[in-house]
Every structure is written in structure tokens, then in C-alpha cells.
Amino acid sequence: MEKEGTQQMLLEIQDLRVNFTTYAGKVQVLNGVDLKLREGEIFGLVGESGCGKSVTALTIAGLLPENSEIVSGEIMFAGDDLLKKSSNQMREIRAMRVAMIFQDPMTFLNPVLTVGTQLTESIDVRYGKAISQGWRPPEIGEALGATSASKRVGRREKKKILYHMGIQALKRVRLPDAERLMKSFPHELSGGMRQRVMIAMALARNPDLLIADEITTALDVTIQAQILELLRVLRGELKSTIVVITHDLGVVAEVCDRIGVMYAGDVVEVATVEDLFAKPMHPYTQGLLHAIPIVTGGNERLESVKGTVPDLIHPPPACRFNPRCPHAWDLCSQKKPELLAESPGHFVACHLYTKGKGS
Amino acid sequence: MSDNQYLKVEGLKTWFPVTGGILGRVHSYVKAVDGVSFHIDKGESFGLVGESGSGKTTIARSILRLVEPTAGQVLLEGTDVLKIKRRNLKPIRRRMQIIFQDPYASLDPRQTVRSMLVEAMRASGAVMDLGEAYARALYLIGAVGLNEDHLFRYPHEFSGGQRQRIAVARALATNPEFVVLDEPTSFLDVSVQAQVLNLLKALQQEFKLTFLFITHNLSVIRYMSDRVGVMYLGKMMEVADAEELYNAPEHPYTHALINSIPIPDPAVAKRRAPLAGEVPSITNVPVGCVFHTRCPYATQKCTDEEPLLKQTGERHWTACHFAKELNLPPPVTAKRRTQPS
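Model, not experiment: these values are computed from the prediction.

Asks: What exactly am I supposed to notice about the overall build of chain B here?
Replies: What chain B contains, in helices and strands, is 10 helices and 12 strands. Scaling as 2.2 N^0.38, a compact globule of 341 residues should have a C-alpha radius of gyration of about 20 Å, and chain B matches this with 21 Å. Based on the C-alpha atoms only, the size of chain B along its principal axes is roughly 65 × 65 × 45 Å. Buried positions account for 46% of the 341 residues belonging to chain B. Within chain B, residue pairs in contact and separated by at least 24 positions form 66% of the contacts whose partners lie at least 6 positions apart.

Laid out in C-alpha cells, this is it:
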């Protein structure tokens, strides 16, 4: 891959720290996250539960819960710091530029409205104003005939345009029988179809950034394979940057360009998919890769990472992986390692790689 | 057929009635398990895989009589478990234990670990003497990799992986021969899952257990099982030794299932999604071969006639009309990672 900086950055997160206040105490969920997303890439964010991958996504989208507190950091997106935006401005950004899809589509779709209603509403929020001012989506201009030449747009015509855009969106995610689907309610669809509808809804708004949070986790393997295939196909058609959040390294290897590995609120390693799997550098990444049972593995003993994920109310000092790390020495519990480039495009936060370099 | 068979399931059917109308009449059945036969040898680990709704958990619950099967036989060393009267089940239950998926739901939040273990021993009649029970609790907690302090704690003080270890200790408390593991690691993170899987393997050796291991994760089952059965919509599609099943599957469904696993290795060429369509609803199962609606090789015969599970190799059974004729290419899978030096 290209060197850092030659490609346009869409989003830059620096030193993001987020705490959650719970009855048990202050949970230090994000501990100085640094991440850069390039335009047009599919970036995978992996880690175990509680590592902060979803919280990072929620922070970008401005959807953190009430009991959270952003301690420090900035999220630069198109020249602005998202953390400085008001909640109204964030709402606007979510409508126009950042879309998010979640694990369970059933909790996200409204059960009493048809797919069509929800889909066109979502498109209306994004394009309604533009349509009223005479804008037309290019791909359906001719489908509606020459009537769109007039400047003024009536309610009925706008509805027609939105409907067509909805159909296009469903077709884009390869859903068959889009017309019938527009009239269906969410409960009439299977899990895989619901997830496709969610993806259609998000993509219909042509977001700059699409965050997909564990979107295949609730699906069966054969359906998961279909959704992953869809993401691969869409990648060629879209210009959106996609962040895929998952705990499954297999999913990441199948669809992503670059990967960030998170552990207990820290980004510990960032690299291209090829580099990360061929040459994992952080001891946690190495442990994780060896802990996955794979089909051809036979049944010899798995290498496991000893211990468990730490309690983030009382996180381990400095490098949060040090109590579980097979290579840890005293520096690891005294000074937090920085995320540094070890080779072009391969970043790792570990003292093992700074040993010989003074400091 | 070897005489080493520990558990033999013959023509097992578990149907759940669907009622409707004001009279609450039964108008159809959900055939969760529909005529399944297989056997488990003594000391082996038999794996059941399948997508959600395929009936794998219902099989396990039927064997343990946690649900009442509609028809069939479950022979445990020759005795039919399904014929035993409910009140005489206790001695059988002591020999057969189950570990559930969710360790947050399966442990009593108001009992200490020791009291849980001792209760299991005394209720099942495995160990009646209190002193002896305490000693065994101490032994068991060590066997699952925890220590004496943990005996006096409550479930909320433990992480998911530790809770699952406690559930394992409780299952072992009755000194069972046969343990059903129903998705025991799907709640756990990868790094912890590996620890629990290793532990289960070690315990199987140590306590000479026979395992029925249920999961939807094909990689986990490959690691844990000697033989594997593949379920789809309440039917057994294929049974074979794990090695053979993964390298040379005969049923198109097994083949597609193995090919659907995301491979944690970007160097392996990306395949297209192997199966189109969705799993049909279990209330409205296709006629003929249940898989024919999604099978790329289906012919008229598959719609007309249901294939039976037939022996196709020395230790290989397949329910497909064309089992030996399809010549399926070997599934695409990942290479084993080598340990970095």
C-alpha cells in the first residue's frame, strides 16, 4: 500500500479518551485511541468484547450514551472536529455524511412501518431538500420521463422520485422483488434480508463514511457468506469509506483493506490485511491469531492467550496488555507504548519494537 | 457396527405441536427433529453442526429427556432412555450432564460456587457425605483451573470464561460418563474460547468422558470432535469422521457450509458465496430432499423423493441421492498458522 499521507484522509482520531460512569465506578473505555481512515478504503476494527471498538464508532457518530464523558481527543472529519459539534449539527452529519448499521436489524427497523416507508424517509432526510430544488438522481432521470424538466416539484412527484430511489437502493444490495419488498413489514423478512435492507438504507444516502458494527454476527454462516460477498461487490461500486467492526478475524480477512486491532481501549496495531496476517507484530495480535481454531487445523492443542480481558474500572497501568503478555518486562507497566510505524504502513504500540532505539 | 457403541439414537423424532384457533386445536407440527439416527462410541467426542433452527439442540435435549421426543429410541448402553419413567430418571441423569451456552443464565446468582457443586453431588446421589462433597468440590475447582478461593464466591464475581469453567465443574460433580456441550464457547471471546476448549479436551481425557458437542462454529467442531454429524432442517445430512468430512464432504450442504466459513487468511483466494437463498422455515419444510431448494445440483428426483441416510464409506453416512456421483471439489480452507520463533 501507499505511504502515509499520499492518500487523502477522511477521518483522523487523535488521543481519544472516553469514560463511562457506572454504579461500580468510572470505566475507562477508551484510553487514547489514534486512528486514521483513508478515503474509499474498507477498514476493519477488530478486538474482543469490551475492547472499545463499538464505543469508538459511537463516538464518531456522536451517539454515545448519557453516562459517558469524552475526556480528551479530537476527531477530524473533513476539516472539522466532530467532538466540537452540537447535537443538532451531529444529527445533520449523520443524515448527510456518516451512516451506521448495527448487529441486530430487528431492533433498528420500526416493526409497524413498511420497509418502503422507512427507506424513503431515510432518503428524504438526505435528498428531500435537493429534490424540491430540482435535483434528480442521475440513474433514474429517464425512468421518470421528461416531467422533471420543470423547476417546481409537487408532493406527489417528490414521492415518486423517493420511491424510485428506494427501489434502486434495494436492487443495489441484490434484493430480488424490490417492489413487493417496499410494501413488506420487517417481520416478514428473514435475518439476512433485514440486514440487506439496513445496508440499502444506509447506502441510499451515499454517506462518506459507513460504519458496520458486527453486521454478520447474528447471521448463519451461509447467509454471512452472502453478506460478505455483497460487501466485496459493493466495494467496487461505491466511493464510501467503510469501517467494519467485528470480533471475527475471518470476516476481516475476507473484506478489508486495512485492519486496526484494539485491546482494552487501546489501538495496539494497524496494518494492511496482508501485513497483519503475514507478520503480526503485537503480542496480542499474535496470540489472537493463534487462538482461532481453523478448519484444517486438526485437533492439536490451541495456543491460548493466558488470563482474561482486564476490568477497565481498574485497568492495568501503562500497556494494558502487560499482565497477559508473554514478553512483558518492567517498562511495560511503567510507560504506555505509543503507536509507531515499524515499517511503512504497519503501526504497532509495543515496547518490544522500541527497545533498540534509545528513549 | 462395533460393540463399543455407548449411545445409539434411532429414528428420533421430536415434533412440537402448533395450535391455533379458539379451540386451540393442533393444526400442524414443527418437526424440529425428524427421524435422526446416529451413534456415539464410548470415549469419543461426537460433534453436531448446523445452522440455527436445524434441530441440534433439540436432539441433545431429547436425549436428556429435557423435552419429550415424539418417537424413536435413545439407547444408553442398551437401555432405552425414552422408556424410563420420569421418576426413575435420576440415576440416568447422574450419568448424563449438560453444559449450556450462556454461563450468565445457567448459574444460580445466589449460591456460592461450593454450594452449587455440593448441591449437584447430593441431589444426584453421587456423593452424599458432606465432608467428602467438600473435598470433591475442592478437587473439581482445581481440575477446571480455578483455585480454592473461588469456591466461596458468587457467580457475579467471575468473568464469562471463569463462569463457563464453573459450569463445567458442576457438570463433572455428579461424576458423569456422558456430557452434552451445547455451544459452550459461543459466548466467549476468542482468546478465552481457546482456553476453555483446551480445558474441555484435557478433562475428557482425565475423566474418560464421552462428549456430544453442539455448535454452529465449524472450526470449533473440527478442533473438538472425532466424528461429526451435519444437521439441516431437522434431518441428519451427513455423518463421518471429522478429518474425512472436512477434506472430502459428500453432501452438497456440508460442502457449502465448510466453504462459507470466513477464512482468517487474506492469502487464500476469495470465493463467491457458495449458497444462494435462505434456510426455509421449519414450519414449512420442502418436500423431497429438504435441501433441494438451495442445492446447486438438485434434479427432479430430489423434489420427488427424500434421500435416506445411507452408508457410503466405512465410517461415512450421507443422505443424498448422488452422494458418490457429484465429485465435489475439496473445500477451500485456511492453512495452519505456524508458530513464530
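The discussion continues.
Asks: Whenever I open this one, the overall build of chain A confuses me. Can you help?
Replies: Across its full length, chain A holds 10 helices and 12 strands. Its C-alpha atoms give chain A principal-axis dimensions of roughly 75 × 50 × 45 Å. Residue burial in chain A is summarised as follows: out of 359 residues, 45% are buried. Considering only residue pairs separated by 6 or more positions, chain A has 66% of its internal contacts joining residues 24 or more positions apart.

Asks: When you look at helix α4 (residues 155-172) of chain A in this model, what are you seeing that I'm missing?
Replies: All names here are of chain A. Between its terminal C-alpha atoms α4 stretches 26 Å, which fits the 26 Å expected from 18 residues at 1.5 Å a residue. Residues of α4 that are buried make contact with α3 (115-132), α5 (178-182) and α6 (191-203). Positive backbone phi, approximately 60 degrees, marks R174, located one or two places after α4.

Asks: Mind showing me how you'd approach the interface of chain A and chain B here?
Replies: Think of interface size as the accessible area that goes away when the parts come together; that is how it is often given. With 44 residues of chain A at the contact, the number on the chain B side is 43 residues. No other element matches helix α7 (residues 221-237) of chain A, which puts 9 residues into the side of chain A that touches chain B. Looking at the side of chain A that touches chain B, its residues break down into 19 nonpolar, 16 polar and 9 charged.

Asks: For this particular structure, what's the right way to read unusual backbone geometry?
Replies: Apart from glycine, the bulk of residues carry a negative phi angle, and the bulk of peptide bonds sit in the trans form. Unlike most non-glycine residues, A264 of chain A shows phi in positive territory, near 45 degrees. Looking at where A264 of chain A falls in the secondary structure, it is placed in the loop between β9 (258-263) and β10 (266-272). Given 25 C-beta atoms within a 10 Å radius, A264 of chain A is considered buried. For N175 of chain B, which is not glycine, the phi dihedral falls at a positive 60 degrees. Within the fold, N175 of chain B resides in the loop between α5 (160-173) and β7 (178-182). Taking the C-beta count within 10 Å as the criterion, N175 of chain B has 15 such neighbours and is therefore assigned partly exposed.

Asks: Looking at this structure, how should I read the environment of E121 of chain A?
Replies: All names here are of chain A. Considering the arrangement of structural elements, one finds E121 in helix α3. Given 15 C-beta atoms within a 10 Å radius, E121 is considered partly exposed. Taking the C-alpha atoms as reference points, E121 and L162, 41 residues apart in sequence, are found 8.4 Å from one another.

Asks: Can you walk me through the confidence of the model for chain B in this structure?
Replies: Low pLDDT marks stretches whose predicted atomic positions should not be read closely. Residues with a pLDDT of 70 or more make up 95% of chain B, whose mean pLDDT is 89. Scored by ipTM, the complex comes to 0.81, with pTM at 0.85.

Asks: Explain the nonpolar core here, please?
Replies: If you look at the biggest cluster of nonpolar residues, it comprises 196 residues, and the most contacted ones within it are A200, V243 and V244 of chain A together with L117 of chain B. Among the elements that line this core, the one with the most residues is α6 of chain A, at 8 residues. Every residue in contact with V243 of chain A, bar those within four places of it in the chain, is listed here: L37, F43, L45, A57, L209, I211 and A212 of chain A.

Asks: What is the right way to look at the pairing of strand β2 (residues 25-38) of chain A in this model?
Replies: The two faces of a sheet get side chains in turn, since along a regular strand they alternate between them. Residue and element names in this part refer to chain A. Bridging between strand β1 (residues 9-22) and β2 involves 11 bridges; their strand directions are antiparallel. Residue L16 lies in a different strand from β2, and its bridge partner there is V33. Hairpin connection from β1 to β2: 2 residues lie between these consecutive antiparallel strands.

Asks: Hey, could you run me through helix α1 (residues 53-61) of chain A in this one?
Replies: An α-helical turn contains 3.6 residues, so any two residues separated by three or four positions project in the same direction. Residue and element names in this part refer to chain A. Counting buried residues in α1 gives 7 out of 9 residues, a clear majority hidden from the surface. For α1, the full list of buried residues reads K53, S54, V55, T56, A57, T59 and I60. After α1 finishes, the residue G62 shows a positive phi value of roughly 70 degrees.

Calculation rules
- Residues numbered from 1 in each chain as written.
- Chains lettered and ligands numbered in written order.
- Predicted model: local features only at pLDDT ≥ 70, side-chain atom pairs only at ≥ 80, totals over all residues.
- Helix = DSSP H or I, 4+ residues; strand = E, 2+ residues; numbered from the N terminus.
- Rg over C-alpha atoms; globule rule 2.2 N^0.38 Å.
- Buried ≥ 20, exposed ≤ 12 C-beta atoms within 10 Å, placed from the backbone.
- Contact = placed C-beta atoms within 7 Å.
- Expected span 1.5 Å × (residues − 1).
- Nonpolar A, V, L, I, M, F, W, Y, C, P; charged D, E, K, R; others polar.
- pLDDT = per-residue confidence, 0-100.
- Core = buried A, V, L, I, M, F, W, Y, C linked by C-beta atoms within 7 Å.
- Pairing = 2+ DSSP bridges.

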